[in-house]
Amino acid sequence: MLEIKNLHAGVEGKAILKGVELTVKAGEVHAIMGPNGSGKSTLANVIAGRELYEVSEGSVTLDGADLLAMEPEERAHAGVFMAFQYPVEIPGVSSTYFLRAALNAVRKARGEEEIDAMAFLTHIKEKVKSLGLSPDMLSRSVNEGFSGGEKKRNEIFQMAVLEPRLCVLDETDSGLDIDALKTVADGVNALRSPERSFVVVTHYQRLLNYIVPDHVHIMMGGRLVKSGGKELAFELEEKGYGPLEEELAKA
Amino acid sequence: MATELMQRYDSELSSLLASAEAHSGDGPPWLQALRAKGLAVHREHGIPTPKNEEWKYTPLRPMANKPFAVAEPGPAVFGFELPWCCDGSRVVMVNGRVDRNQLVVPKVSGLTVKSLRDALTEDADLVQRHLGQVAKIEGHTFASLNTALFGDGLFIHLAAGVAVESPIEVVHVTSGDGSCVAPRVLIVADPGSSAKIVETYVTDGDGVNMVLPVTEVVAMDRSRIEHVRVQDESEATYSFALWAIRQESDSEYRSYSVSFGGAIARLDQEFWLGGRHIVTRLDGVVVAHGKQLLDNHTRLDHAMPDCNSFEVYKQIVDDEATVVFNGKIFVHQDAQKTDAVQNNAALLLSPRATIDSKPQLEIFADDVKCTHGATVGRLEDTPMFYLRSRGIPKSQAEGILVYAFAAEVLELISIEAVRDRLEARLFEKLGV
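Please read these numbers as outputs of a predicted model, since none were measured by experiment.

Undergrad: Quick question: what am I supposed to make of unusual backbone geometry here?
TA: Phi is mostly negative for residues that are not glycine, and the peptide bonds are mostly trans. One non-glycine residue, Asn143(A), lies in positive phi territory at about 60 degrees. In this structure, Asn143(A) sits in the loop between strand E8 (141–142) and helix H5 (148–162).

Undergrad: How do you make sense of the pairing of strand E6 (residues 168–175) of chain B when you look at a structure like this?
TA: Walk down a regular strand and you will see the side chains alternate between the two sheet faces. All names here are of chain B. The element E6 is largely enclosed, with a buried count of eight among its eight residues. Here E6 shows no split at all, with Ile-168, Val-170, His-172 and Thr-174 on one side and Glu-169, Val-171, Val-173 and Ser-175 on the other all buried. The sheet contact formed by strand E2 (residues 90–94) and E6 spans five bridges and is parallel. Bridge pairing links Val-91 to Val-170 in E6. Summarising the sheet, E6 and strand E9 (residues 194–204) pair through eight bridges and their orientation is parallel. Opposite Ile-168, over in E9, you have Ile-197 as the bridge partner.

Undergrad: Help me understand the pairing of strand E19 (residues 322–331) of chain B, please; the structure alone is not making it clear to me.
TA: Residue and element names in this part refer to chain B. For E19, the tally of buried residues reaches ten of ten residues, placing the bulk of the element in the interior. Neither face of E19 is left uncovered, since the one carrying Thr-322, Val-324, Asn-326, Lys-328 and Phe-330 and the one carrying Val-323, Phe-325, Gly-327, Ile-329 and Val-331 both have all their residues buried. As paired strands, E19 and strand E21 (residues 354–363) are joined by ten bridges and run parallel to one another. Paired with Asn-326 across the strands is Lys-358, a residue of E21.

Undergrad: Just checking my understanding: could you explain the side chain of Asn326(B) for this structure?
TA: Residue and element names in this part refer to chain B. In this structure, Asn-326 sits in strand E19. Polar contacts involving the side chain of Asn-326 include one to the side chain of Gln-360, which spans 3.5 Å. If we ignore the near neighbours within four places in the chain, the residues touching Asn-326 are Asn-296, His-297, Thr-298, Lys-358 and Gln-360.

Undergrad: What is the right way to read the sheet that holds strand E5 (residues 65–66) of chain A from this model?
TA: Whether parallel or antiparallel, the strands of a sheet pair through hydrogen bonds between backbone atoms. Residues and elements named next belong to chain A. Here four strands make up an open sheet; going across it, the order is E2-E1-E4-E5 and the pairing antiparallel. The two strands at the open ends of the sheet, each matched to only one other strand, are strand E2 (14–24) and E5. In this structure, strand E1 (residues 2–11) lies alongside E2, joined through eight bridges in antiparallel fashion. Along E2, the bridge assignment pairs Ala-9 with Leu-17.

Scoring rules and cut-offs
Residues numbered from 1 in each chain as written. Chains lettered and ligands numbered in written order. Predicted model: local features only at pLDDT ≥ 70, side-chain atom pairs only at ≥ 80, totals over all residues. Heavy atoms only, no water. Helix = DSSP H or I, 4+ residues; strand = E, 2+ residues; numbered from the N terminus. Buried < 20%, exposed > 50% of the residue type's maximum accessible area, 1.4 Å probe, protein only. Pairing = 2+ DSSP bridges. Polar contact = N/O pair within 3.5 Å; in protein donor to acceptor, adjacent residues only side chain to side chain. Contact = heavy atoms within 4.5 Å.

By themselves, these observations are geometric and do not establish any function.
Here it is in structure tokens:
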């Protein structure tokens, strides 16, 4: 599904990603772990199409289609969704209006009919409840005045509404207490399916107790330096990134 | 240049002045005196040049070549649908005259909505007491010309304690080419009365006209008025308006001005807070594109203690358009415990768009709270990316964020149908 080859990217001339290789098959969950500044969030943002980052080399394809040639909205139409590390507050835009505009844009791109306001409300009300969000959130402005936990749950809620094929979670666990973390993980797990893939970017192993990955990759210095199964995450939790850094320094 | 402009104005607009003179004998003696004063002030100031500090950023050169004459009575049907929102009173004013055939006034005891011409005889005392008493025309050359010229107008009176539920809608239509139109509105809200009023200015056809509206409002003790003004004239129109308010104790007056139209359009709002415990909102949204020049001057006079005023002006400027904002707040010596907030924010959508913003606070009392802020910004990258990453196309995302910028003001309007219409109009104008 997702194929990343020799990806180099940076911001304002400063190289951050230095040759990322990653293949994600349909239905798989891949975790990307790494210390601060290793490039995890940059990778997530490059996949989603944040213009801030310049790609200098390499390719990112989704089912063979060149993602790097697409605008951010075209990537969303192709099935990419990124849950933001810092969800954006947009005062003056109601959550319902925003989500319906997004869903209709995605449906239109897929050649489906647009959904009317009434049908939309029915469609989303159940999903709101399942993520433990209060329905009055829908009439409030996007993320405005939301707590940290509400913002993160709102990201997963949007994901549930838009039904993307590739979900990229950028440190969705940061700033969450254990209950919120479980709710978010339940939301993600409910979306797992043989057709849908996940790239979960996280600093800590904690989230992976609840969203169990098929593959774990460790990112350091802008590259994926080690890959393995879920046991790799436990190893990291136990020993930290130190031994691995030393090992790499020797090599 | 200035003298040249004046000369051209004198020769080409001389017919206007002649009409004004011919007109000055109309009506009762007090009105004749008022008209004579209007004519004298206008003769003295003529068309302002940029040398006039109040017109520094609003050069009127573009209109110097167009001859204007007093507007003929206009048609009764137009090439567009009148923008009604509600089912209350409906008034159509064509070239400054009330179209009596289209006048709809529900039977509400104590509510008067009629032509000013009728009111001059039927409500003579009330009209004489207030007409020309709220608008201080001395410094306003165009309001002075309106005073010299207006042939008819609209009179709205709310008797004491009357609460009018359905909004009173007034649509001012300008029709013709080279027309000089002088719409005049007098609103008198007696103690304890309340109403919502929506005035909309539109243009029939594509002529080049000059519109000089003057609206005067007296909000007496404990009255509550919500007043929306929508300036949606053609982009060939020259529009110079004065909107003057006098508020008395414990009154609440909420005003929302939305400016879309005009080649050059200026609105002066002058609010006199002449009692205690007054609440005032003076909010505006301005949307300029192409080569439009939209100018808003506001003046709030806090004359008495314990009053609150809130002012938020939001301007959206695209293409090569220019917007001007000048916000004066005078806190007089007696006006202790004044709480006045003024905020002006501009959103520039194009590198060639221009904004001139000037807050001007003059405070002569010592125990007051006055704050003001002015910001100029562009659409931010992060919210744009957030919307686009959810699949919303770039132009629609821009539209959503621009609307969000204006929403802080538009959402305060309590009439939902008006809010919806303004939202649709905003998107339409910005092409998103």
